[in-house]
Amino acid sequence: MLQQTKVIQQLKLQYQQTLANHLVTAVLILDQNLTICYANPAAEALLIKSLCKLYGVSFELIFTNTSISKSRLQQLLATGQEFTDSDIVIEFSESHRFTAEITASAVEFNRAPHVLLEFKQIDQQKKISLEVFQQKQWISARDLIKGLAHEIKNPLGGLRGAAQLLSKELNAEQQEYTDMIIEQADRLTNLVDRLLGPNQLPQIQSHNIHSVLEKVYQVISFSEEQNIILIRDYDPSIPVIQCDQEKIQQAVLNIVNNAIQAIGKHHKITLRTRIASNKTINGKLIKLAVKISVIDDGPGIPAKIKDTLFYPMVSGRSNGTGLGLSIAQTLINQHHGKLYCHSKPGHTEFVILLPLTQ
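Parameters at a glance
Residues numbered from 1 in each chain as written. Predicted model: local features only at pLDDT ≥ 70, side-chain atom pairs only at ≥ 80, totals over all residues. Heavy atoms only, no water. Phe/Tyr/Trp six-rings, centres within 6.5 Å; stacked < 30°, edge-to-face > 60°. Lys NZ or Arg CZ within 6 Å of the ring centre and 35° of its normal. Axes fitted to C-alpha atoms, helices over the stretch in contact; angles between N-to-C directions. Helix = DSSP H or I, 4+ residues; strand = E, 2+ residues; numbered from the N terminus. Parallel < 35°, antiparallel > 145°, perpendicular 65-115°, else oblique. Left-handed = near helix turned anticlockwise from the far one by under 90°. Contact = heavy atoms within 4.5 Å. Nonpolar A, V, L, I, M, F, W, Y, C, P; charged D, E, K, R; others polar. Core = buried A, V, L, I, M, F, W, Y, C linked by side-chain atoms within 4.5 Å. Buried < 20%, exposed > 50% of the residue type's maximum accessible area, 1.4 Å probe, protein only. Pairing = 2+ DSSP bridges.

Student: How should I be thinking about the packing of aromatic side chains in this particular structure?
Tutor: Here a ring pair, both rings aromatic, is described through the centre-centre distance and the interplanar angle of the planes. This model, assessed by the stated rule, comprises zero aromatic pairs. Directly above the aromatic system of Tyr217 lies the positively charged group of Arg232, at a separation of 3.8 Å from the ring centroid. Lying over the aromatic face of Tyr340, Lys338 brings its terminal NZ or CZ to 5.1 Å of the ring centre.

So, in structure tokens, the structure goes:
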């Protein structure tokens, strides 16, 4: 029995000594001075620094501007009370920044208290959760707008009809007023129809995505008067896709027109196609998708409307209707695709992902 206990203790020690090197979770060990004395391979990969460069470095050089403070870790050493924080942003440079969930606990090595930090990158989970939330919000906003549009459209028809009947009883001078009523009723009806968005299901057929984009290119080239430079960057290896070419063309055209209105003269717009693999679209993992990007070098999207960019009636321009991107979103959703945007000053990219059927 005693022999078996010794064997188990040795086995336990062997596992403890080697297990940290095989964990997917990143692990850092801090000594009493809160300097790094160990980092497992997962931590080295996540921090893009080897243990040789991390050893002896103060934790404050890594965890800057976060809730993981020196006083908090000192309290952990004193009390042994572990804690967990999510949404900790770790930033070494503009090119290496990630969000992590961190658990801090007290451990003992060589009879001295140490801090064990376990952290896991959660950027992808946050991105998926945000996309699902925004999708639900967009659907709610769209349904609300559609409900209001129907409520407005019904009395507008009656108003227009009454104005037409009334005009027959009036002289030419007085008919100017009823003509104005009819004109404004027609304008509002047109706006309501646009709010209701596309009401026909897509006619799915096999199409070359580049032939669709070429039609957009031609429309913009023929009608554009602001000296915008249009660039085509296509991947010719992309096979045909199943889509409604008119609806995809309309969606891309709406995005390009939105970009033209936002960037002004003498700027560039790039139409780019690529194959994307292992993408999450509306909560489903899609192995292969066609990626269509509309990229401009304008001032970027105002921060105040980034989260509601695809909602109806949301626009960054004072004279904008906020319907173009909302309609584009609806058209892409009808194809079980995804439309999203990355924006910063000098680079705004709208991305359409369409599942690819081989």
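Having put the structure on the table, let's press on.
Student: What am I meant to see in the packing of helix α8 (residues 245–263) against helix α9 (residues 324–334) here?
Tutor: Helix-helix packing is characterised by the crossing angle of the two axes and by the distance between the axes. Contact geometry for α8 and α9: axes closest at 9 Å, N-to-C directions at 150°. Classified by the interaxial angle, the pair formed by α8 and α9 is roughly antiparallel. Considering only the axes of α8 and α9, their crossing is left-handed. Where α8 abuts α9, its residues Lys247, Ile248, Gln250, Ala251, Asn254, Ile255 and Asn258 lie against Gly324, Leu325, Ile327, Ala328, Leu331, Ile332 and Gln334. Broken down by class, the residue content of the contact of α8 with α9 amounts to eight nonpolar, five polar and one charged.

Student: I keep staring at the nonpolar core and nothing clicks. Help me out?
Tutor: Inside soluble globular proteins, nonpolar side chains tend to come together where they are buried. Residues Val252, Val256, Ile269 and Phe350 are the most contacted members of the largest nonpolar core, which totals 40 residues. Counting residues per element, the ones that place at least two in this core are α7 (209–223), β8 (241–243), α8, β9 (268–281), β10 (284–296), α9 and β12 (347–355). The element contributing the most residues to this core is α8, with nine residues. If you look at the next biggest cluster of nonpolar residues, it comprises 28 residues, including Leu54, Ile88, Ala104 and Val115.

Student: How should I be thinking about the sheet that holds strand β11 (residues 338–344) in this particular structure?
Tutor: Pairing between the strands of a sheet is mediated by backbone hydrogen bonds and can be parallel or antiparallel. Taken in spatial order, the five strands of this open sheet run β7-β9-β10-β12-β11, and their pairing is mixed. Strand pairing shows two members of the sheet lacking a second neighbour, β7 (229–233) and β11, which therefore form its edges. On average, each strand axis in the sheet is tilted by 25° relative to the strand beside it, whichever way the strands run. Taken together, the five bridges between β7 and β9 define a ladder with parallel strand orientation. Looking at β9, one finds that Leu230 is bridged to Ile269. The sheet contacts of α7 involve β7, β9 and β10, and relative to β7 the element is tilted by about 170°. This element, α9, spans β11 and β12 of the sheet and lies at about 140° to β11.

Student: Can you walk me through unusual backbone geometry in this structure?
Tutor: Generally, phi is negative for residues other than glycine and the peptide bonds are trans, each holding for most cases. Of note in the backbone geometry, Leu34 takes a positive phi value of approximately 60° without being a glycine. Here Leu34 lies in the loop between β1 (26–30) and β2 (36–39).

Student: Is there a simple way to explain the side chain of Asp85 in this structure?
Tutor: Mapped onto the elements of the fold, Asp85 is located in strand β3 (residues 83–93). Contact partners of Asp85, with chain neighbours within four places excluded, come to Ser67, Ile68, Arg72, Ala100, Glu101 and Ile102.

Student: Is there a simple way to think about the packing of α7 against α8 in this case?
Tutor: One can describe the packing of α7 onto α8 by two numbers: an axis separation of 9 Å at closest approach and a directional angle of 45°. Relative to α8, the element α7 is oriented oblique. Handedness of the α7/α8 crossing: right-handed. Residues Ile209, Val212, Leu213, Lys215, Val216, Val219 and Ile220 of α7 form the contact with α8, whose own contacting residues are Gln245, Ile248, Gln249, Val252, Leu253, Val256, Asn257 and Ile260. Its residues assigned to classes, the contact of α7 with α8 comprises 11 nonpolar, three polar and one charged.

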